[in-house]
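Commentary on secondary and tertiary structure
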Amino acid sequence: MSDPLILGIESSCDETAVGIVRGLTLLSNEVASSVDEHARYGGVVPEIASRAHLEAMWPTLTRAVDKAGIDLSEVDAIAVTAGPGLMGALVVGLSAAKALAYVLNKPLYGVNHLIGHVGVDVLEHGPLPKPSMALLVSGGHTSILRVDDIATDVTEIGSTIDDAAGEAYDKVARLLGLGYPGGPLIDRMAAEGDPQAIAFPRGLSTRRDLIRHRFDFSFSGAKTAVARWVELCRRDGKEVPVADVAASFQEAVADVLTAKAVDACQTHEIDTILLGGGVAANSRLRSLLAERCEQAGIAVRQPRPGLCTDNGAMIAAVGAHLVAAGVSPSSLDISADSSLPVSRVSV
Ligand code: KG4
Ligand code: ZN
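Residues numbered from 1 in each chain as written. Chains lettered and ligands numbered in written order. Predicted model: local features only at pLDDT ≥ 70, side-chain atom pairs only at ≥ 80, totals over all residues. Heavy atoms only, no water.

**Considering the coordination of the zinc ion (ligand 2)**
For the zinc ion (ligand 2), the protein coordination sphere consists of His113 (NE2), His117 (NE2) and Asp310 (OD), at 2.0 to 2.1 Å. Using a relative accessible area of 6% as the deciding quantity, one classes His113 as buried. (Donors = N, O, S within 2.8 Å, 3.2 Å for Na, K, Ca; no water. Buried < 20%, exposed > 50% of the residue type's maximum accessible area, 1.4 Å probe, protein only.)

Spelled out as structure tokens, the structure:
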């Protein structure tokens, strides 16, 4: 029997996305983004996102089915993001998925968006060793996860106590007048700057912090330090060295993320780390993690940047794991959960 054909729908933020996989093989991955509509507001406007999802859902679904070269009736299961995310945005994807599951008479799996970011790498690099560690860095979340089984057993061992990494990138980009979303813009600007120019703080990294917050993160200190630095420059009538600030901020974030991720692997005696979430596209984070893990004898798995940001294939990939593990499908009356905890893989 061939591997099951899974269709995944994602609509938790500003991307309407549909991906189709057969087992762990990616067949299609279509994304329609409303990011340009939010840019002039400096962040995602929930009402605009919901309306854009409504408009984009059917065309995106049709494109994904066409590109996969399948007929909808062949799909074995529908996976959909059930949370966390923006309520009005989640509801659009969930309604579409329920309608498809009902009409096609196929099982529905409500999936955790964050586990999608962790699960997507299997489409590129094959099955994940058990156990693995995951460094999850997105716009809304930053965590270190112990992944014993991606379908059933994920434990959060540390998380941010204030801003998420992506949120800090977006806020710093705004301070520097770079635009939205800030992560890719800072990444690009940092390439022109000196990462050692300014020593921005590494949150929760003192010996005392490590007792209570060994695997936790804090990015608000670095963000505030950038704000103060920029303000002092302007007050003194100096031009802000934007590239140096971007490179130094990026270095501070990558330094602390990678140091804690390596420490978590060593403490838990786990020799594989997986990078996931939108910030996993960051060039410095990728190179520093690879460098430090090589020194420590830890294998690194990082999906290509195009699979790091929100997409439907990552939800389909988790669906494939749920089906393979024999997890019961979700009820057709599940609700969206805007604050679904990361340890709940499916609902
Ligand atoms: O995972 P994601 O696509 O959406 C959420 O689930 O939140 O992550 C979006 C975040 C944004 O904050 C964006 O600025 C950041 O990922 N991001 C990056 C890069 N590309 C996207 N941050 C740093 N460097 C990048 N290259
Ligand atoms: Zn995401």
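**Brief notes about the nonpolar core**
Counting 45 residues, the largest nonpolar core has Leu135, Val137, Phe200, Phe219, Phe249, Leu257 and Ile273 as the members making the most contacts within it. For this core, the secondary structure elements donating two or more residues are strand S6 (132-137), helix H6 (165-175), helix H7 (182-190), helix H9 (220-235), helix H10 (242-267), strand S9 (272-276) and helix H11 (283-296). Take this core: its biggest share by element is twelve residues, from H10. Among all residues touching Phe219, those that are not within four sequence positions of it are Thr142, Thr160, Asp162, Asp163, Ala164, Ala165, Ala168, Val253, Val256 and Leu257. (Core = buried A, V, L, I, M, F, W, Y, C linked by side-chain atoms within 4.5 Å. Helix = DSSP H or I, 4+ residues; strand = E, 2+ residues; numbered from the N terminus. Contact = heavy atoms within 4.5 Å.)

**Regarding the environment of Ala173**
Tracing the sequence through the fold places Ala173 in helix H6. With a relative accessible area of 0%, Ala173 lands in the buried category. Sequence separation between Ala173 and Gly42 is 131 residues; the distance between their C-alpha atoms is 10.0 Å.

**Focus: the site of ligand 1**
Ligand 1 sits among 19 residues. The nearest are His117, Gly139, Asp170, Asp187 and Gly278. In this structure, Gly139 approaches ligand 1 through a main-chain N or O atom, which is 2.8 Å from an oxygen atom. Between Asn282 and ligand 1, the recorded distance is 3.0 Å, taken from a side-chain N or O atom to a nitrogen atom. Notes on ligand 1: free accessible area 560 Å², of which the protein chains cover 88%. For the shell around ligand 1, the leading source of residues is H7, giving four residues. Here the shell around ligand 1 is composed, by residue class, of four nonpolar, twelve polar and three charged. (Near = heavy atom within 4 Å. Polar contact = N/O pair within 3.5 Å; in protein donor to acceptor, adjacent residues only side chain to side chain. Areas by Shrake-Rupley, 256 points an atom, 1.4 Å probe, with all protein chains shown as cover. Nonpolar A, V, L, I, M, F, W, Y, C, P; charged D, E, K, R; others polar.)

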